[in-house]
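A structural walkthrough
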Amino acid sequence: MEKFPLKGTSNLSIPSAATNHPLSADHTSYQSVASKTGKGPSSASGSERVTTSLTTPGVPVYEADEDGMIDITPGNGGLTNPNYPYSYAANGSRQDGVGAPSGSGNNGGAGLGGAAAAATSAGNGGDGAGLSSPTHTRFGRDFHHSDHEGISFAGMTDTSDDIPGIGQYDDFHTIDWQRDIARDRMRHRYIVKKRQDSFWDLLKGAHDAWSGWVCVLLVGLFTGCVAGVIDIGASWMTDLKFGICPQAFWLNREQCCWSSNETSFDSGNCSQWYAWSEIFTSSREGFGAYVISYFFYIMWAMLFALLAASLVRMFAPYACGSGIPEIKTILSGFIIRSYLGKWTLIIKSVGIMLSVSAGLSLGKEGPMVHIASCIGNILSYLFPKYGRNEAKKREILSAAAAAGVSVAFGAPIGGVLFSLEEVSYYFPLKTLWRSFFCALIAAFILRSINPFGNEHSVLFYVEYNKPWIFFELVPFIGLGIIGGFIATFFIKANLWWCRFRKYSKLGQYPVTEVLIVTFITAVIAYPNPYTRMNTSELIYLLFSQCGISNQDPLCDYNRNFTDVNSAIEIAAAGPGVHKAVWLLILALAMKLVMTIFTFGMKVPCGLFIPSLALGAITGRVVGIGMEQLAYHYPKIWIFSGECSTGDDCITPGLYAMVGAAAVLGGVTRMTVSLVVIMFELTGGVRYIVPLMAAAMASKWVGDALGRQGIYDAHIALNGYPFLDSKDEFQHTTLAADVMQPKRNETLAVITQDSMTVDDIETLLKETEHNGYPVVVSKENQYLVGFVLRRDLNLALANARRIIDGITGQSLVIFTSAQPVQNLGPSPLKLKKILDMAPITVTDQTPMETVVDMFRKLGLRQTLVTHNGRLLGVITKKDVLRYVKQMDNEDPNTVLFN
């Protein structure tokens, strides 16, 4: 209040300004100044104040006083404007007189001054709050006394439960970050203030302070446990397609062979493990055995896929997909009810095991983020600080997303960076620390469960002992460019297919679609050993280095290992390598096509692992090519003499790793978090520079060919209201061009003291808006505040249920004052649900500024004024539609507000 160049004095000497001011009590449009102080929001007395209302038609005339300031403070003998929370003492000093009655004499002229009024209030049994120093908050005033009266906003206090549901949001609506953060600040101040009162209050304060850490600790614990169960279940069910361990059917192939004392067994085929063909024909080789194995592979895949799709369809439709686009949207402040609920958590966890085991071209890493966020959401309800406040809950969800990536890849730091770079919208420093702690706990728990059965908690641990040659940066950057092209092709094709699925008959038969895709995938995948195996195993094989123990055709070089400890010499590729390269190229084509059709189906499916596989295949093929080049031409300058010694100087596995990072970076457009995840995933810290080069090249190519990563593209496809903070706004327009309604249409408003309950219910029926500006009167559209549709509905329903004498003819009043005539039914006071400090801009504000405000403040709407009068409203949906229109896209694709 003090910052505006408006001057307030108690005894105005300019009569026209005093009586004709539109906010003065004597002005015709503002005849609302009698009040029972006992009913005022912060007085406790029963004395009444009566004023006469002058009905002379007045026009607002502003006159400047001697120092050139316009005075708009009410000056008619101390009668204060009910919405003006400060009264002025006779000496011109301001008192914090929120709700403190400032009385006046019967003559309507010389009444008590502001100080006297405040003193009267105290003397009449009020709390004398008028004499305390003002504490600003966004909503009128802060807590001045224990029962927190005088709060002027919905849901601002814990005691506003007299209207249940105030301060919550409807499904598919955007939250108001500013309002929620302000509510939390008020709650926090109240707790801090109460701390001195008793030991119990001190304990409550301590619990409030550490509840955030306790919550993320629990999220980390549960996420680690769930991830361990999913890893173990998925590996067992995947192996079930190939055979069974008759001694203990709950063991997967690797664990079954641990009990075997055979020293060597070919890729887990020990005598303890029975393939399906052995059980039925008692032989592993031959045509009959192949057919039986093929049949069982397809049968199990179909069964798992049918189960996954049916569970999703029957119990949790939101459990399909990867979930990351929706998590991004939810973290930007959107409400999707039950997207993070318990059913979604259960079905997603079971469904991801089933769909991974079905051999579909998908991964379980993306859905881990969704599963962890579900856990975060459910546990946040144990702590009302987070459960009841949507903006605060987003802090826990950001930490949970970090834990999800941490357990998916065994990469805690990568998880924190992923949450920061890719999914979170609002990421203050304390959320960074909590995310770090949450990811640490989750990784620790997963390491204790040890689902991979080895000493590493990472998925594809590799050890390369050769440094890379400087020249190799050229093929690494080349891999980045190839990765960018593959990723762009994948995104465009996948979007085309998802759009086709959405708008065609195919979308009505989700289970059938899943079964058809699974059948085709299984039939094509089985003959090729590289597509038959689990995708994670394939990536591990491609990343690994050829040594003595490797029996795979990929390592069929013309080498003779004489000494185990000697360095592996470089050698010509044998026929096995040539065959393996062709099979890998076929596998690349098949995986690319199948992933396009798989991602977006109605089963849980992630995208990290298929992207890594596509890149790893490409990289390994390029790496083998480079290796053979170095073998045949070791003396060329590009190898700078490193390869002339006869040692193996090129590591094809490293190329696979770089290629994997390139494709994943191109698909998701991650950079920093991707590099950290990759080197945490493989343990290859010395290869950070090649990974960075490939990730950067891939991102540049991807950005040049198409603006959006796969997640942003799916957000746009679903029409979610997501304002990306990374995008630049390049258009020169003003707020007046975007606001609703347009210049010639009328704006739906509520007046502060002249509409009845029936009028407001009619307005709610006839319009669809999510909120309404409150103005002084229809003729005088000066802004008083903003009230949400949901709060209005709840308040009206609550009043009719609880308060006697409320009829359709009752006046609805958004001020502290009482209307003059008391002849009709008693009025309904709704000042407590009014936002007294809505964010406003003028009609001449540039749209860049408005878009920035929406992004950085997390606004839901802003009001547009001109010379202080209300012109219109800009909502988040208006901004998104306008951005689409300017980019020559269809603005009607933005579905929600």
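Because the structure is a prediction, the values reported are computed rather than measured. Here the residue numbers are simple positions, counted from 1 along each chain's written sequence. For a predicted model such as this one, the threshold for reporting local features is a pLDDT of at least 70, and the threshold for listing and counting side-chain atom pairs is 80 or more; totals across whole chains, interfaces and linings nevertheless cover every residue. The side-chain values count all of the structure's non-hydrogen atoms but skip hydrogen atoms and water molecules.

Looking at the overall build of the chain
Note the threshold: The helix and strand labels rest on DSSP assignments: H or I over at least four residues marks a helix, E over at least two residues marks a strand, and numbering proceeds from the N terminus. Throughout, exposure labels follow a simple rule: accessible area from a 1.4 Å probe, protein chains only, divided by the maximum for the residue type, with under 20% read as buried, over 50% as exposed, and the rest as partly exposed. By the convention used here, residues are in contact when the closest approach between their heavy atoms is within 4.5 Å.
Counting secondary structure elements, the chain contains 29 helices and 15 strands. Burial analysis of the chain (897 residues in total) assigns 57% to the buried set. In the chain, 72% of the contacts between residues at least 6 apart in sequence involve partners at least 24 apart.

Details of the sheet that holds strand E11 (residues 811-813)
For clarity, the cut-off: Two strands are counted as paired when DSSP detects at least two bridges linking them.
Read across the sheet, three strands follow the order E8-E11-E12 without closing on themselves; strand pairing throughout is mixed. Pairing within the sheet leaves two strands with one partner each, and these edge strands are strand E8 (755-756) and strand E12 (828-829). Both E11 and E12 contribute to a ladder of two bridges, which runs parallel. Directly across from Val812, in E12, lies its bridge partner Leu828.

Considerations on a nonpolar patch on the surface
Basically, it comes down to this: Any residue with relative accessible area above 30% and no salt bridge may belong to a patch, with like charges joined within 9 Å and the nonpolar Val, Leu, Ile, Met, Phe, Trp and Tyr side chains within 5 Å. Per-residue and other accessible areas follow the Shrake-Rupley method at a 1.4 Å probe size, with only the shown protein chains counted as cover for residues. Salt bridges are counted wherever a side-chain nitrogen of Lys or Arg sits within 4 Å of a carboxyl oxygen of Asp or Glu.
Among the surface-exposed residues, Met314, Phe315, Trp343, Ile346 and Val350 lie close enough to one another that they form a single nonpolar patch of about 500 Å² accessible area. Among the secondary structure elements, those contributing two or more residues to the nonpolar patch are helix H7 (287-315) and helix H9 (342-357). Considering the arrangement of structural elements, one finds Phe315 in helix H7. According to the relative accessible area criterion, Phe315 is partly exposed, its value standing at 42%.

Structural notes on the side chain of Ser349
Defined as follows: Each polar contact in these results corresponds to two N or O atoms within 3.5 Å; when the atoms are within protein, one needs to be able to donate a hydrogen and the other to accept it, and residues that are neighboring in sequence are counted only if both atoms are side-chain atoms.
In this structure, Ser349 sits in helix H9. Taking relative accessible area as the criterion, Ser349 reaches 10% and is therefore assigned buried. There is a polar contact of 2.7 Å between the side chain of Ser349 and the backbone oxygen of Leu345. The residues touching Ser349, leaving out its near neighbours within four places in the chain, are Val226, Ile230 and Ile371.

Thoughts on the packing of helix H8 (residues 324-331) against helix H24 (residues 710-718)
Applicable threshold: Simply put, an axis is a line fit to the C-alpha atoms, just over the touching stretch for a helix, and the angle between two N-to-C directions goes from 0 to 180 degrees. Should an angle fall under 35 degrees it is taken as roughly parallel, and over 145 as roughly antiparallel, whereas 65 to 115 is taken as roughly perpendicular and any remaining angle as oblique.
At their nearest, the axes of H8 and H24 sit 8 Å apart, and the two run at 75 degrees to each other. Taken together, the axes of H8 and H24 are roughly perpendicular relative to one another. Touching Ile324, Pro325, Glu326, Lys328 and Thr329 of H8 are Tyr711, Asp712, His714, Ile715 and Asn718, all from H24.

Notes on the side chain of Thr862
Its place among the elements puts Thr862 in strand E14 (residues 861-866). A residue is classified by how much of its surface remains accessible, and Thr862, at 1% relative accessible area, is buried. A distance of 3.0 Å separates a polar side-chain atom of Thr862 from the backbone oxygen of Ile839. Not counting residues within four places of it along the chain, the set of residues in contact with Thr862 comprises Ile839, Thr840, Val841, Val850, Phe854, Val873 and Ile874.

Section: the state of the cysteines
As a reminder, the rule being used: When two cysteine sulfur atoms lie within 2.5 Å, the pair is treated as a disulfide.
Tallied over the full model, the rule gives two disulfides. Note that Cys245 is cross-linked by a disulfide to Cys256, the S-S spacing being 2.0 Å. Handedness here is read from the sign of the S-S torsion; for Cys245 and Cys256, about 75 degrees, the answer is right-handed. With Cys245 in the loop between strand E5 (243-244) and helix H5 (253-258) and Cys256 in helix H5, this residue pair connects regions lying 11 residues apart in the sequence. When its relative accessible area of 1% is taken as the criterion, Cys245 is described as buried. Bridging Cys546 to Cys555, the disulfide has an S-S length of 2.0 Å. Taking the torsion about the sulfur-sulfur bond, which here is approximately -80 degrees, the covalent link between Cys546 and Cys555 counts as left-handed. What makes Cys546 buried here is its relative accessible area of 9%.

Some points on the pairing of E14
Spelled out, the test is: The crossover handedness rule: strands pointing away from the viewer, path from first strand over the helix to second strand clockwise, crossover right-handed.
Burial within E14 is extensive, with five of its six residues counted as buried. Alignment of strand E13 (residues 840-842) against E14, held across three bridges, turns out to be parallel. Counted as the bridge partner of Thr840 is Leu863 from E14. Where the polypeptide runs from E13 across helix H28 (residues 847-857) and back to E14, its parallel neighbour, the crossover connection is right-handed.

Re the packing of aromatic side chains
Geometry of an aromatic ring pair is reported as the spacing of the ring centres plus the angle between the planes. So the rule is basically this: Pairing of aromatic side chains here covers Phe, Tyr and the six-membered ring of Trp, requires ring centres within 6.5 Å, and sorts the geometry by plane angle: under 30 degrees stacked, over 60 edge-to-face, intermediate tilted. Geometrically, a lysine NZ or arginine CZ counts as sitting over a ring once it is within 6 Å of the ring centre and also within 35 degrees of the ring normal.
By the definition in use, this model includes 25 aromatic pairs. On the numbers, 6.1 Å between centres and 50 degrees between planes, the contact of Phe334 with Tyr720 is tilted. Placement of Phe334 in the loop between H8 and H9 and of Tyr720 in the loop between H24 and helix H25 (735-738) is noted, with a sequence separation of 386 residues between them. Residue class for Tyr720 comes out buried when judged on its relative accessible area of 14%. Here the aromatic cluster, defined as three or more aromatic residues joined through ring pairs, consists of Trp276, Phe280, Phe295, Phe296, Trp300 and Phe304. For Arg434, the ring lying beneath its charged end belongs to Trp213, and the centroid distance is 5.5 Å. One residue, Arg532, lies across the ring of Tyr526, its end atom 4.2 Å from the ring centre.

Some thoughts on unusual backbone geometry
Residue Gln740 is joined to Pro741 through a cis peptide bond whose omega torsion reads -5 degrees. Tracing the backbone shows Pro741 in the loop between H25 and strand E7 (750-751). Non-glycine residue Phe172 carries a positive phi angle of around 60 degrees. One can find Phe172 in the loop between helix H2 (114-123) and helix H3 (177-194).

Observations regarding helix H23 (residues 688-705)
Worth spelling out the cut-off: Any helix carries an expected span of 1.5 Å times its number of residues minus one.
In this model H23 runs 26 Å from its N-terminal to its C-terminal C-alpha over 18 residues, within 8% of the 26 Å that 1.5 Å per residue would give. Within H23 the residues assigned to the buried category are Pro690, Leu691, Ala693, Ala694, Ala695, Ala697, Ser698, Val701 and Gly702. Buried residues along H23 sit against helix H15 (473-503), helix H21 (652-668) and helix H22 (672-682).

Structural notes on H22
The buried fraction of H22 amounts to 10 of the 11 residues, a majority that puts the element mostly inside the structure. Residues Ser673, Leu674, Val675, Val676, Ile677, Met678, Phe679, Glu680, Leu681 and Thr682 constitute the buried set of H22. Where the residues of H22 are buried, they touch helix H12 (390-409), helix H13 (412-423), helix H18 (535-543), helix H20 (608-632), H21 and H23.

Describing the nonpolar core
The criterion, for reference: Put simply, buried Ala, Val, Leu, Ile, Met, Phe, Trp, Tyr and Cys residues joined by side-chain atoms within 4.5 Å make one nonpolar core.
Judged by nonpolar contacts, the single largest core of 181 residues is most densely connected at Phe543, Leu612 and Met678. The dominant element in this core, judged by the number of residues it contributes, is H7, at 12 residues. When neighbours within four sequence positions are excluded, Phe543 is seen to be in contact with Phe460, Val462, Tyr464, Ala616, Arg620, Gly653, Ala656, Met657, Ala660, Met678 and Thr682. Ala748, Met755, Val757 and Val776 belong to the second-largest nonpolar core, a separate cluster that totals 26 residues.

Here's the deal with the packing of helix H26 (residues 757-766) against helix H27 (residues 789-802)
Applied cut-off: Crossing handedness: left-handed means the near helix sits turned counterclockwise from the far one by under a right angle, and right-handed means the same turn made clockwise.
As a packed pair, H26 and H27 sit with axes 11 Å apart at the nearest point and diverge in direction by 140 degrees. The angle between the axes of H26 and H27 places the two elements in the oblique class. In this structure, the crossing between H26 and H27 has a hand that is left-handed. Listed contacts from H27 to Val757, Asp758, Ile760, Glu761 and Leu764 of H26 are Arg789, Leu792, Asn793, Leu796 and Arg800.

Points about the pattern of salt bridges
Under the defined criterion, the tally for this structure stands at 26 salt bridges. One salt bridge in this structure joins Glu390 and Lys393, with 3.6 Å as the shortest N-O distance. Note that Glu390 and Lys393 are positioned in helix H12 at a spacing of three residues, about one turn of the helix. Taken as a pair, Glu390 and Lys393 share a single burial class, namely buried. The network of salt bridges with common partners includes Asp184, Arg187, Asp208, Lys385, Lys392, Glu395 and Arg434.

Topic: the pairing of strand E15 (residues 869-875)
Strand residues, when the strand is regular, have side chains that alternate between the two faces of the sheet. Summarising burial for E15: five of the seven residues are buried, a large majority. Note that E14 and E15 share six bridges and pair antiparallel. In the sheet register, Val864 faces E15, and the bridge partner there is Gly872. Two successive antiparallel strands, E14 and E15, enclose a turn made up of two residues, where Asn867 displays a positive phi of approximately 50 degrees.

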